[in-house]
Amino acid sequence: GFLLWVDLCCWTFDPREPAGKRRIPFITWPVQQAAGREIFAAIAEGRDVLIDKSRDMGATWLCLAAFVWCWIFVPDTPLLVASRKEEYVDGRGNPDTLFWKIDMLVGRQPDFLRPRMERRHMHLANLDNRSVIDGESTNADLGRGGRRKAILLDEFASVDNGAEILAATADAAPCRVFNSTPKGRGNAFADVRFSGKVQIVTLHWKDHPEKGKGAR
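Residues numbered from 1 in each chain as written. Predicted model: local features only at pLDDT ≥ 70, side-chain atom pairs only at ≥ 80, totals over all residues. Heavy atoms only, no water.

1. What about the overall build of the protein chain?
Working step 1: Regarding its fold elements, the protein chain presents seven helices and 10 strands.
Working step 2: Relative to the 2.2 N^0.38 estimate, which gives 17 Å for 216 residues, the radius of gyration of the protein chain is 16 Å and therefore close to what a compact globule would have.
Working step 3: Taken across its 216 residues, the protein chain has 51% of its residues classed as buried.
Working step 4: A separation of at least 24 residues holds for 68% of the contacts in the protein chain among residues at least 6 apart in sequence.
Working step 5: Of the accessible surface of the protein chain, which amounts to about 10300 Å², a share of 50% is contributed by carbon and sulfur atoms.
Working step 6: Within the protein chain, the 28 negative side-chain charges are centred at a point lying 3 Å from the centre of the 31 positive side-chain charges. (Helix = DSSP H or I, 4+ residues; strand = E, 2+ residues; numbered from the N terminus. Rg over C-alpha atoms; globule rule 2.2 N^0.38 Å. Buried < 20%, exposed > 50% of the residue type's maximum accessible area, 1.4 Å probe, protein only. Contact = heavy atoms within 4.5 Å. Areas by Shrake-Rupley, 256 points an atom, 1.4 Å probe, with all protein chains shown as cover. Lys, Arg positive; Asp, Glu negative; His and termini not counted. Charge placed at Lys NZ, Arg CZ, Asp CG, Glu CD.)

Below you can see the structure in the form of structure tokens.
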């Protein structure tokens, strides 16, 4: 299902590669496959999940792919993606933003999988099945505007008002995906990470097929 679709139909982007080679087929590594199964199950079952990640492990791409899969294949699914500043959520032409990655994941789909859609700033609607992906910055009222199937909180360790975000999103969605590179213990991401109440997914650089060679 989900992971087969990622391997067959999804692409990522790395601006550090030479021109012409920056768009890369999203062929998942074993650690990404294990993480993808946990993320997808958390969304489907309606429970929180936390991704404790190193850089360059494809965690954000994996989370967004799960959201795009739901957007394409599951009717009437409202989803929300958030980062600490609006310019990190949706900035046209900026590959670092969440919606640039979403646009690439959707835009590279085979024609028969790409639905009729409406794209506005921080909004993507599937006109064929009424599913939507919206974006917000991590403000104190995040998610209070309506119920969501799942909310992605990207780089949550860098959010200043994490406790407020946790409170604001608690009843907004059955599934919150906390995705971040750790930044010590003094933040809400760490509070969730060590609460003992959430599924933990680890994407460590030692499991990278290139960087991790000889690390074990």
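2. So, the environment of E155
Working step 1: With respect to the secondary-structure elements, E155 resides in the loop between β8 (150–154) and α6 (162–169).
Working step 2: E155 sits 25 residues away from S180 along the chain, and the two C-alpha atoms are 4.0 Å apart.
Working step 3: Those residues in contact with E155, other than ones at most four positions away along the chain, are K53, N179, S180 and T181.
Working step 4: At a separation of 2.9 Å, a polar atom in the side chain of E155 contacts the side chain of K53.
Working step 5: Within the structure, E155 has its side chain in polar contact with the side chain of S180 (distance 3.3 Å). (Polar contact = N/O pair within 3.5 Å; in protein donor to acceptor, adjacent residues only side chain to side chain.)

3. Notes on the packing of aromatic side chains
Working step 1: Applying the stated rule across the entire model yields seven aromatic pairs.
Working step 2: Centre to centre, the rings of F2 and F40 are 5.2 Å apart; their planes meet at 10°, and the pair counts as stacked. Of this pair, F2 sits in helix α1 (residues 2–9) while F40 sits in helix α2 (residues 30–45), and the two are 38 residues apart along the sequence.
Working step 3: Owing to a relative accessible area of 24%, F40 belongs among the partly exposed residues under this scheme.
Working step 4: Ring geometry for W5 versus F73: centroids 6.3 Å apart, planes at 90°, classification edge-to-face. (Phe/Tyr/Trp six-rings, centres within 6.5 Å; stacked < 30°, edge-to-face > 60°.)

4. Describing the environment of S83
Working step 1: Checked against the element boundaries, S83 lands in strand β4 (residues 78–83).
Working step 2: Given a relative accessible area of 5%, S83 falls into the buried group.
Working step 3: Note: C-alpha distance between S83 and E155 (72 residues apart in sequence) is 6.7 Å.
Working step 4: Excluding residues that lie within four positions of it along the chain, S83 makes contacts with Y88, V89, L98, E136, S137, T138 and D154.

5. Looking at the nonpolar core
Working step 1: Ranked by internal contacts, the top residues of the largest apolar core, which has 49 residues, are W5, V81 and I102.
Working step 2: Broken down by element, this core gets its largest block of residues, 13 residues, from helix α3 (residues 59–73).
Working step 3: Setting aside residues up to four positions removed in sequence, V81 forms contacts with L64, F67, V89, L98, F99, I102, I133, D134, G135, E136 and L152.
Working step 4: Of all hydrophobic cores here, the second largest spans 18 residues; its members include L80, I151, V192 and V198. (Core = buried A, V, L, I, M, F, W, Y, C linked by side-chain atoms within 4.5 Å.)

6. Thoughts on the side chain of Q32
Working step 1: With respect to the element layout, Q32 can be found in helix α2.
Working step 2: In this structure the side chain of Q32 is engaged in a polar contact, spanning 3.0 Å, whose partner is the backbone nitrogen of W29.
Working step 3: Within polar-contact distance, the side chain of Q32 engages the backbone oxygen of M57 at 3.1 Å.
Working step 4: Setting aside anything within four residues of it in sequence, one finds Q32 in contact with F26, I27, M57, G58, L62 and L203.

7. With respect to α6
Owing to its 3.6 residues per turn, the α-helix brings residues three or four apart onto one side.
Working step 1: Within α6, the full set of buried residues consists of G162, I165, L166, A168 and T169. On an axial view of α6, the arc spanned by its buried residues comes to 165°, and they lie on one face. (Arc of directions from axis to C-beta.)

8. Some remarks on the pattern of salt bridges
Working step 1: In total, this model carries 11 salt bridges according to the counting rule given.
Working step 2: A salt bridge links E155 to K53, with the nearest nitrogen and oxygen atoms 2.9 Å apart. Placement of the pair is E155 in the loop between β8 and α6 and K53 in strand β3 (residues 49–53), with a sequence separation of 102 residues.
Working step 3: R119 is the salt-bridge partner of D90, the closest N and O atoms lying 2.9 Å from each other. Here the residue D90 occupies a position in the loop between α4 (86–89) and α5 (98–107), and R119 occupies one in strand β5 (residues 117–120), the gap between them amounting to 29 residues.
Working step 4: Among the ionic contacts, a cluster of salt bridges with common partners joins D90, D103 and R119. (Salt bridge = Lys/Arg side-chain N within 4 Å of Asp/Glu carboxyl O.)

Geometry only, nothing functional implied.
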